[in-house]
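Residue strings, one per chain:
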Amino acid sequence: MIAAVVAVWGAAVARTVVAGTVVPWDSKNQVYAFFRFLAAAIEAGATPFWNPFHYGGHPSIADPQSLVFAPVFVLWALIDPAPSLRTFDLLVSAHLLAGGLALALIGRRAGWPAAACVLAAAVFMLGGVAAGRLQHTGMIVSYALLPAVLLLVDVALDRRAYTAAAAAGVAAALLVLGRNQVALLLCAVVAAAAIVQLVGTPRPGRFLTSRLGVLAVMAVVALLVAAVPMLLTLQFAALSNRPAVTLADALAGSLHPANLATLWAADVFSTHGTYFGPGGPASPDLANTDDSFNYLFVGAVPVLLIAWLGLAGGGVVRRGCRLWAAVAALALVYMLGRYTPVFPLAFAHLPGVDLFRRPVDGAFVLVAALAPLAGALLAAYVRDGLPRIRMLPVLLAMAAVGGPAAGAVLFAGRGGQAGHAAMALAISAAVAAVAGLVLVAGARGGRRRLAAAVVTAMAAAELIGWNGAFRLNAEPRALYAALEAPDPADAAVLAVVERAMAEAQGAGERPRIEVIGMGGPWQNLAMVRGLEATNGYNPLRIGAYDRLVAPGEENWRFGFRHFPPSFSGFDAPLARALGLSILVLGAPIETMPNLPRVPDAELLLAGPRAWVYRLPGARQRVELRAGGGGTTSAEAAIGPGGALGAARLVAWRPDRIEIETAAAEAATLVLHDLFYPGWIAEVNGATVPIRPADILFRAIDVPAGPHRVVVRFAPLAPANLLAALRGLAGD
């Protein structure tokens with residue numbers, strides 16, 4: 001059984017390796033870059049808690065996408081300072097394998113035959129969102145953790161095992177630390193499964209009483225592991241650019257009912273070619289979805305089992321299936337969003353739902369439920385044979401399949417694609433018909449185990465064939481080469497940039513860079529190359545910085561940069577205070593839309609891949625200002641050397657900065673790094689307060705004379721955690 005699960009997973013992974021592809025989009029442009037920073041910070045002996053190479057500085061410890069609390073990635077980073085694109089993909093995929101194996105073990109504990117265990121694992125590892133949304137790393141990791149949590153909870157409660165309870169607490173905490181909508185919904189699934197297990201015993205009261213210690217261990221361990229990271233994330237959220245989500249925003253992330261046909265017909269809307277289905281700009285009421293969100297393919301065989309053995313045969317109401325049928329039904333209603341009255345009620349009344357803008361994320365729960373449901377139904381077939389069919393359930397099953405199929409053809413017909421949709425549905429029907437004949441023959445011939453193995457092989461082949469290495473989860477590795485091994489054109493640009501940055505650093509400066517219009521892989525390339533940047537790619541940013549600097553979220557597009565009054569150009573006072581010295585643009589600066597004026601800049605490289613400019617007038621990273629304890633206005637600044645004295649940066653790493661000051665009188669040291677909770681300043685070893693300077697930066701009072709100032713990021717310090725708690729309480 002285990003070997004078969006690994007073989008199915010390995011065949012899917014092998015397709016991507018042989019094709020020379022990697023998981024695209026956010027997986028590489030955002031999360032892989034964070035992984036590289038994580039590994040580089042550990043290699044340098046620093047903590048990965050503060051990322052200076054991203055939006056002028058970023059609290060990685062509080063960002064769910066940063067992988068700081070993802071054990072597999074952290075452990076790998078300890079041994080590999082520069083993980084490859086392929087390594088990253090394999091680590092993500094390994095989470096799915098672990099989830100599939102855990103689900104197979106759940107099936108084995110329930111007495112399923114091997115074929116049913118493998119079927120459930122295959123659907124879980126490769127079905128629907130596990131393929132279509134593989135680029136959303138955080139959600140994939142959360143999804144993959146569910147079976148492990150369920151398995152450990154089951155073992156702990158069944159055997160009254162405290163070791164398993166502690167492990168379940170850790171696994172549950174890691175699930176919570178996904179800090180995304182999928183994690184929220186899956187936590188509800190874990191709670192439901194535990195309740196079902198408790199009440200499903202002959203004497204629920206006695207069983208519960210005897211397991212109170214086990215439940216307490218789970219809860220305490222989960223709280224100990226998850227509390228601090230969650231607190232830091234809530235602290236960041238309160239200071240971030242994240243807007244309140246309105247119901248209208250959320251409803252735009254609903255799944256169109258016609259997309260349900262993709263559950264068994266992978267290409268009904270040409271998802272494997274040029275997608276023409278609901279979602280995206282063509283559907284304004286569903287603008288927060290696209291083809292990857294709408295792709296649900298789990299295969300014709302699992303859908304046949306659910307429709308025939310489950311709905312028509314009544315299997316969904318039997319023990320072992322009821323929970324997963326109910327979870328699947330609730331997930332379906334949730335993800336349909338605007339098309340049922342349920343989601344608006346949940347948005348208004350269920351805690352946490354109003355924090356997220358895409359009910360279609362419920363598809364992760366749907367697939368997570370369909371996988372064990374299909375396995376349980378196949379196990380029931382092997383055990384009991386084919387069920388007796390009644391007319392009303394048959395009509396229900398026909399409606400469940402025929403409704404979305406008809407809707408898909410009608411929707412496709414609006415664009416003249418009804419024939420394509422009908423053909424995709426017919427192919428799927430043919431696969432289901434063959435699987436049905438195999439099951440009938442196996443039941444009549446007394447070879448149900450063999451029949452189960454055959455249809456499981458068919459299901460696995462379908463999943464590998466349709467969901468392995470296709471356009472939603474695989475693009476040529478060369479497209480992301482800039483992040484790993486830049487091609488000659490990119491390498492030439494980077495050589496110019498890094499030479500200019502090194503020259504500035506050699507002169508005692510800490511310059512920053514801004515990259516615009518260079519394509520997706522360049523959005524966070526500064527993070528990979530260790531270059532401090534004023535922009536990047538991340539939906540979550542420090543709010544004050546986002547408002548005043550307005551770097552945007554998608555710097556891959558040349559015309560996306562906006563310039564508010566506070567940052568009225570690349571030569572604005574705020575740009576100079578940030579130390580912005582190097583621009584890397586995908587086109588000449590004079591052609592940039594929205595730019596109020598072209599700055600006086602030195603052209604270092606004039607295309608054709610990029611235009612690189614050096615901006616004059618950048619401020620020093622550290623300055624002394626007159627009036628210790630008083631003004632921190634920019635007009636009061638004294639440079640690194642002058643009548644007031646001097647300030648010099650003598651040591652730097654992402655989480656720790658050392659500065660020497662020599663002031664003629666008490667003064668204010670201004671560090672042009674972002675003011676954020678958790679930073680601690682020490683003057684000659686004595687802790688002193690940090691206060692904001694010019695809204696964004698850090699100000700520290702220093703006495704007259706020579707002194708050494710150490711500024712370090714200590715988000716786990718008791719004082720910061722207490723301040724975060726007070727903030728959470730509204731103090």
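Conventions adopted
Residues numbered from 1 in each chain as written. Predicted model: local features only at pLDDT ≥ 70, side-chain atom pairs only at ≥ 80, totals over all residues. Heavy atoms only, no water. Helix = DSSP H or I, 4+ residues; strand = E, 2+ residues; numbered from the N terminus. Rg over C-alpha atoms; globule rule 2.2 N^0.38 Å. Buried < 20%, exposed > 50% of the residue type's maximum accessible area, 1.4 Å probe, protein only. Contact = heavy atoms within 4.5 Å. Areas by Shrake-Rupley, 256 points an atom, 1.4 Å probe, with all protein chains shown as cover. Pairing = 2+ DSSP bridges. Axes fitted to C-alpha atoms, helices over the stretch in contact; angles between N-to-C directions. pLDDT = per-residue confidence, 0-100. Phe/Tyr/Trp six-rings, centres within 6.5 Å; stacked < 30°, edge-to-face > 60°. Lys NZ or Arg CZ within 6 Å of the ring centre and 35° of its normal. Salt bridge = Lys/Arg side-chain N within 4 Å of Asp/Glu carboxyl O. Parallel < 35°, antiparallel > 145°, perpendicular 65-115°, else oblique. Left-handed = near helix turned anticlockwise from the far one by under 90°. Nonpolar A, V, L, I, M, F, W, Y, C, P; charged D, E, K, R; others polar. Expected span 1.5 Å × (residues − 1). UniProt positions renumbered as here; feature names shortened; annotations may be inferred.

> Report on the overall build of the protein, specifying residues and quantitative values.
Along its length, the protein carries 24 helices and 17 strands. For 731 residues, the compact-globule formula gives about 27 Å, and the C-alpha radius of gyration of the protein, at 28 Å, lands near that figure. In terms of overall dimensions, the protein has a C-alpha envelope of 100 × 60 × 45 Å along the principal axes. Scored against the burial criterion, the 731 residues of the protein give a buried share of 56%. Relative to all contacts within the protein whose residues are 6 or more apart in sequence, the contacts with residues 24 or more apart total 75%. Carbon and sulfur atoms make up 65% of the accessible area of the protein, which amounts to about 28100 Å² in all.

> How would you summarise the sheet that holds strand β5 (residues 602-606) if you had to cite specific residues and measurements?
Read across the open sheet, the 4 strands follow the order β3-β4-β6-β5; overall the sheet is mixed. Looking along the sheet, the strands with just one partner apiece sit at the ends: β3 (512-516) and β5. Here the strands of the sheet are splayed against their neighbours by 15° on average, with no regard to which way each runs.

> Lay out the confidence of the model for the protein with the relevant residues and their values.
Per-residue confidence for the protein gives a mean pLDDT of 95; residues scoring 70 or more make up 98%. In the model, residues 630-636 has pLDDT below 50 throughout and makes 19 contacts with residues more than four positions away in sequence or in other chains.

> I'd love a proper account of the packing of aromatic side chains, names of residues and values included.
Per the counting criterion, the structure on display carries 22 aromatic pairs. Here the aromatic rings of F35 and F73 are separated by 5.3 Å at their centres, their planes lie at 85°, and the arrangement is edge-to-face. Taken together, the residues F35 in helix α2 (residues 26-43) and F73 in helix α3 (residues 71-79) connect sequence positions 38 residues apart. The residues F35 and F73 share a single accessibility class, namely buried. Here the aromatic rings of F269 and Y275 are separated by 6.4 Å at their centres, their planes lie at 80°, and the arrangement is edge-to-face. Summarising the burial analysis for this pair, F269 and Y275 share the class buried. By way of ring pairs, the aromatic residues W50, F236, Y676, W679 and F713 are connected into one cluster. Positioned above the aromatic ring of F563, the side-chain terminus of R561 is 5.1 Å from the ring centre.

> Summarise the pattern of salt bridges; cite the residues concerned and give the values.
Going through the model one piece at a time under the given rule, you end up with 30 salt bridges. One salt bridge connects D694 with R625, and the closest N-O pair in it is separated by 3.0 Å. Here R625 lies in strand β7 (residues 622-626) and D694 lies in the loop between β15 (691-693) and β16 (697-702), a separation of 69 residues in the sequence. One salt-bridge network, in which partners are shared between bridges, spans R510, R512, E532, R621 and D673.

> Give me the lowdown on the packing of helix α5 (residues 114-126) against helix α16 (residues 363-384), citing residues and values where you can.
The interhelical angle for the contact between α5 and α16, taken along N-to-C directions, is 165°, at an axis separation of 8 Å. Judged on the interaxial angle alone, α16 and α5 are roughly antiparallel. The two elements α5 and α16 cross, and the hand of that crossing is right-handed. Contact residues: A115, A116, L119, A120, V123 and F124 in α5; V367, A368, A371, P372, A374, G375, L378 and A379 in α16. Residues of the contact of α5 with α16, tallied by class, amount to 13 nonpolar, 1 polar and no charged.

> Which residues make up helix α8 (residues 162-176), and what are the values?
Compared with the 21 Å implied by 1.5 Å per residue over 15 residues, the 21 Å span of α8 between its first and last C-alpha is a close match. All buried positions along α8 are accounted for by A164, A165, A168, G169, A171, A173 and L175. Turning to α8, the residues buried within the fold contact α7 (137-159), α9 (181-199) and α11 (212-239).

> Could you give an account of unusual backbone geometry, naming the residues involved and the relevant values?
Residue P608 is bonded to the preceding G607 through a cis peptide linkage, with omega at 0°. By the secondary structure assignment, P608 is in the loop between β5 and β6 (611-614). Phi at R160 is positive, roughly 50°, even though this residue is not glycine. Tracing the sequence through the fold places R160 in the loop between α7 and α8. Here the phi dihedral of A469 falls at roughly 50°; this positive angle occurs in a residue that is not glycine. Inspection of the secondary structure assignment puts A469 in the loop between α19 (448-467) and β2 (475-476).

> Residues and numbers for the UniProt feature "signal peptide" (unreviewed entry) in the protein, please.
Mapped onto this structure's residue numbering, the UniProt feature "signal peptide" (unreviewed entry) falls at residues 1-19. As a span, residues 1-19 carries 95% helix and 0% strand, and end to end its C-alpha atoms are 28 Å apart.

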